[in-house]
Amino acid sequence: MLKETTCSSAEEEVALATWLKANGAVFSETVELRCYHYEVRGVHAARKLNTDEVLIEVPLKCLITVEMGKATDVGRAVLEAELELDAPKHVFLMLFLLIDRRNQDSFFKPYYDVLPRTLANMPIFWEPHELAWLEGSYLLVQIEERKRAIQADFEAIIGVWPALKEICTLDEFAWARMCVCSRNFGIVVNGTRTSAMVPYADMLNHLRPRETKWTFDNTRGAFTITALQTIQSGAQIFDSYGQKCNHRFLLNYGFAVEFNSEPDGFCPNEVALLVRLAPDDPLAARKQLLWIRDGALGSKRVRVCASDNENFRACLSLLRVAAANERELDHILGQNPYGSYRTASDVHVPVSLRNECAALSLLLHTCETMLDVYPCSLEDDMSTLSSNAAPRFSNKRHACIHVKSEKVVLHHYIHLSKTALDLAHQNDRDFDTAVSRLFACPTRRHAAGYCNGVVRQVRDTPQVAPSATALASINLSEPTIV
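Note that the coordinates shown come from a computational prediction; the quantities given were computed from them, not determined experimentally. Sequence positions are assigned chain by chain, starting from 1 and proceeding in written order. Only residues with pLDDT of at least 70 are given local features in this predicted model, and only at 80 or more are side-chain atom pairs given and counted; all residues enter the totals for whole chains, interfaces and linings. Note that water and hydrogens are dropped before the side-chain values are worked out from all heavy atoms of the structure.

## Regarding the overall build of the chain
- Helix and strand counts for the chain stand at 19 helices and twelve strands.
- Each of the three principal axes of the chain carries a C-alpha extent, and together these read 80 × 50 × 45 Å.
- For the chain, the proportion of its 482 residues judged to be buried stands at 55%.
- We call two residues contacting when some pair of their heavy atoms lies within 4.5 Å. Partitioning the contacts of the chain with sequence separation of at least 6, the portion at a separation of at least 24 is 74%.
- All accessibility values rest on the Shrake-Rupley procedure with a 1.4 Å probe; residue burial counts only the protein chains present in the view. Of the roughly 21200 Å² of accessible surface on the chain, 51% is carried by carbon and sulfur atoms.
- His is not counted, nor are the chain ends, whereas Lys and Arg count as positive and Asp and Glu as negative. In this description, the location of a charge corresponds to atom NZ of lysine, CZ of arginine, CG of aspartate or CD of glutamate. Charged side chains of the chain number 51 positive and 59 negative; the gap between the two group centres comes to 3 Å. Secondary structure elements follow DSSP: runs of H or I of four or more residues count as helices, runs of E of two or more count as strands, with numbering from the N terminus. The classification of residues rests on relative accessible area computed with a 1.4 Å probe and restricted to protein chains. Under 20% of the type maximum is buried, over 50% is exposed, and intermediate values are partly exposed.

Dropping the structure here:
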């Protein structure tokens, strides 16, 4: 995946390479920088590269570290004030960058000159019409939260070091924040854990699975990038930014991955579900006892991907509590104020067939409701991505990829819920046949595992009889998840 930036001039890129080599960096015979588009560039192999070959070596003197930011006047003021900042390590790198780049004689000037002059690909800098492409996504909330956090850090630092107002504007502060967020490396230098800006190494784009590895090599006194496989001459050289959901890629790096899957087929893309207790539930006060221990006051946002992982199980646990009638809640609490479960997210054992079906119905209704909030369907997104309606590298394309990713997860849970609800009441023979069919389909393994484990278990377990009052309290027209 390509990182979107404003490409520097060829002269500035030559100056960067010259500066690095003059200070002991080694890379010129192995790699070269290419610009594919006005705002897109990457690193390519200058010749065939072998497995375990060191491709890039950047000495410590060319790195900008957290400690350098702490040593500035503003850095010391921040430390002495013990400010609680949104991203403390990032802030110190930002402060050094913002102050030092004003010095035309700075040692790091060749590096500053190739940094992106604009970060228009980052959602916090998008125009209103661009943000509209994300309508329906929780990412819009996260973008606003990020903006507020950056402004809060800016104002807090000005409070202890007013001269910052003369160094940069809020917009410049935000630019530095996202530069550092998208480019820093977490390393250990001589036993000290830190973060650093590493010239040239930060120009590699993202791809999974990784084909290179990076570290700070204390024996060399340098940051190194090493090939994990043979890379042919002319091929682009990638770094891995890690296994992440597209909301993190888009928010922090300014791109979304169209085919964001691991070699085993796992897709880390998520959708954020807000699970909450119905305010008119007569059992809400008792249910709240479990929710409070989850750190939630009647609501909790859970990110789920299309996989049977801890978050999916936590989401189901919350739904079981939300959907519980009086007898089922007694069972969950075990006649004990805090029950046998520590939190509402711990109810991993199904309570009853009725409760499980009620929880699934809430999940189904929620996913369908969430899909209705998006202005376009999944099919519309797929059509847009397959046409020229969202050009390569454009913000519109990355927005479309992201919202499509969320809709895929929602459709996954709609299918799982419908499948499980249908199988819950089938006879044993039809149930076994259907589960076998699900296991035979690679894309339905999650539903197969859930039905074979959880649904089979509640089908075979004596049921907790529901009370009429509790049954009446479950109103699917008012979902407990939005």
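## Here's the deal with the packing of helix H17 (residues 428-440) against helix H18 (residues 445-459)
- Angles shown run from 0 to 180 degrees and are taken between the N-to-C directions of axes, each axis being a line fitted to C-alpha atoms and, for helices, limited to the stretch in contact. Closest axis-to-axis distance for the H17/H18 pair is 8 Å, and the angle between their directions is 155°. Taken together, the axes of H17 and H18 are roughly antiparallel relative to one another. Judged by the sense of rotation from one axis to the other, the crossing of H17 with H18 is left-handed. Touching Asp428, Phe431, Asp432, Val435, Leu438 and Phe439 of H17 are Arg445, Ala447, Ala448, Gly449, Cys451, Asn452, Val455, Arg456 and Arg459, all from H18.
- By the convention adopted, Pro, Cys, Tyr, Trp, Phe, Met, Ile, Leu, Val and Ala count as nonpolar, Lys, Arg, Asp and Glu as charged, and the other residues, Gly among them, as polar. Split by residue class, the contact of H17 with H18 holds eight nonpolar, two polar and five charged. By definition in this entry, angles of less than 35 degrees are roughly parallel, angles greater than 145 are roughly antiparallel, angles of 65 to 115 are roughly perpendicular, and the rest are oblique. Handedness of each helix crossing follows the sense of rotation of the near helix against the far helix: counterclockwise by less than a right angle gives left-handed, clockwise gives right-handed.

## Brief notes about the sheet that holds strand S4 (residues 64-65)
- One open sheet accounts for three strands, arranged S4-S6-S5; its pairing is antiparallel. What marks the edges here is a single partner per strand, and that holds for S4 and strand S5 (184-189).
- Any two strands between which DSSP finds at least two bridges are classified as paired. Direction of pairing for S4 relative to strand S6 (residues 192-197): antiparallel, over a ladder of two bridges. Note on S6: the bridge partner recorded for Ile64 is Met197.
- The strands touched by helix H9 (residues 170-183) are S5 and S6; relative to S5, the strand with the most contacts, the crossing angle is about 60°.

## Notes on the pattern of salt bridges
- Each reported salt bridge corresponds to a side-chain nitrogen of Lys or Arg within 4 Å of a carboxyl oxygen of Asp or Glu. A full pass over the atoms with the stated rule returns 22 salt bridges.
- Residue Glu53 is joined to Arg47 by a salt bridge in which the shortest nitrogen-to-oxygen separation is 2.4 Å.
- You can call Arg47 partly exposed: its relative accessible area is 32%.
- Of the charged contacts in the structure, one is a salt bridge between Arg220 and Asp217, with a shortest N-O distance of 3.3 Å.
- Residue Asp217 is classed as partly exposed on the basis of its relative accessible area, which comes to 21%.

## As for the packing of aromatic side chains
- Aromatic rings from Phe, Tyr and Trp, taking only the six-membered ring of Trp, are treated as a pair when their centres fall within 6.5 Å; an angle between ring planes under 30 degrees marks them as stacked, one over 60 as edge-to-face, and anything in between as tilted. If you walk through the whole model with that rule in mind, you get 18 aromatic pairs.
- With 6.0 Å between their ring centres and 70° between their planes, Trp19 and Phe108 make a pair best called edge-to-face. Note that Trp19 is positioned in helix H1 (residues 10-22) and Phe108 in the loop between helix H4 (88-100) and helix H5 (109-112), a separation of 89 residues in sequence. The same class applies to Trp19 as to Phe108, namely buried.
- An aromatic cluster is built from Trp19, Phe96, Phe107, Phe108, Tyr111 and Tyr112, whose rings are joined through pairwise contacts.
- Two conditions define a charge located above a ring, namely a distance within 6 Å from the ring centre to NZ of Lys or CZ of Arg, and an angle within 35 degrees of the ring normal. In this structure, Lys70 is placed above the aromatic ring of Phe92, and the distance from its NZ or CZ to the ring centre is 5.6 Å.
- For Arg459, the ring lying beneath its charged end belongs to Phe431, and the centroid distance is 4.3 Å.

## Quick look at unusual backbone geometry
- With an omega of -10°, the peptide bond between Arg208 and Pro209 qualifies as cis.
- The residue Pro209 is located in the loop between strand S7 (205-206) and strand S8 (212-217) in this model.
- In this model, Asn190 sits at a positive phi of 50°, which is unusual for a non-glycine residue.
- Structurally, Asn190 can be placed in the loop between S5 and S6.
- Residue classification places Asn190 among the exposed positions, given a relative accessible area of 61%.

## Focus on the sheet that holds strand S3 (residues 54-59)
- Within the open sheet, the three strands sit side by side as S3-S9-S8. Their pairing is antiparallel. Two strands close off the open sheet at either side, each with one partner strand: S3 and S8. Direction aside, the axes of adjacent strands within the sheet are offset by 15° on average.
- Across six bridges, the pairing between S8 and strand S9 (residues 222-227) is antiparallel. In the sheet register, Lys213 faces S9, and the bridge partner there is Thr226.

## Re the pairing of strand S11 (residues 270-276)
- Burial analysis of S11 places six of its seven residues in the buried class, the great majority of the element.
- As paired strands, S11 and strand S12 (residues 299-305) are joined by seven bridges and run antiparallel to one another. Bridging across to S12, Leu273 finds its partner in Val302.

## Some remarks on the packing of helix H12 (residues 310-323) against helix H14 (residues 353-373)
- In the contact formed by H12 and H14, the axes pass within 8 Å of each other and the chain directions differ by 110°. The angle between H12 and H14 falls in the class roughly perpendicular. Each of Leu316, Leu319, Arg320 and Ala323 in H12 lies in contact with H14, whose residues at this interface are Arg354, Asn355, Glu356, Ala358, Ala359, Leu362 and Leu363.
- In terms of residue class, the contact of H12 with H14 is made up of seven nonpolar, one polar and three charged.

## Overview of H12
- Expected helix span is taken as 1.5 Å per residue step, with the number of steps being one fewer than the number of residues. In this model H12 runs 20 Å from its N-terminal to its C-terminal C-alpha over 14 residues, within 8% of the 20 Å that 1.5 Å per residue would give.
- Counted residue by residue, H12 has eleven buried out of 14 residues, so it is predominantly covered.
- Residues of H12 that are buried: Phe312, Ala314, Cys315, Leu316, Ser317, Leu318, Leu319, Arg320, Val321, Ala322 and Ala323.

## Side note on the pairing of strand S2 (residues 40-45)
- Where burial is concerned, most of S2 is hidden: six out of the six residues are buried.
- Side-chain alternation along S2 places Val40, Gly42 and His44 on one buried face and Arg41, Val43 and Ala45 on a second face that is also buried.
- In terms of strand pairing, strand S1 (residues 31-37) meets S2 through six bridges, oriented antiparallel. What sits directly across from Arg34, in S2, is Gly42.

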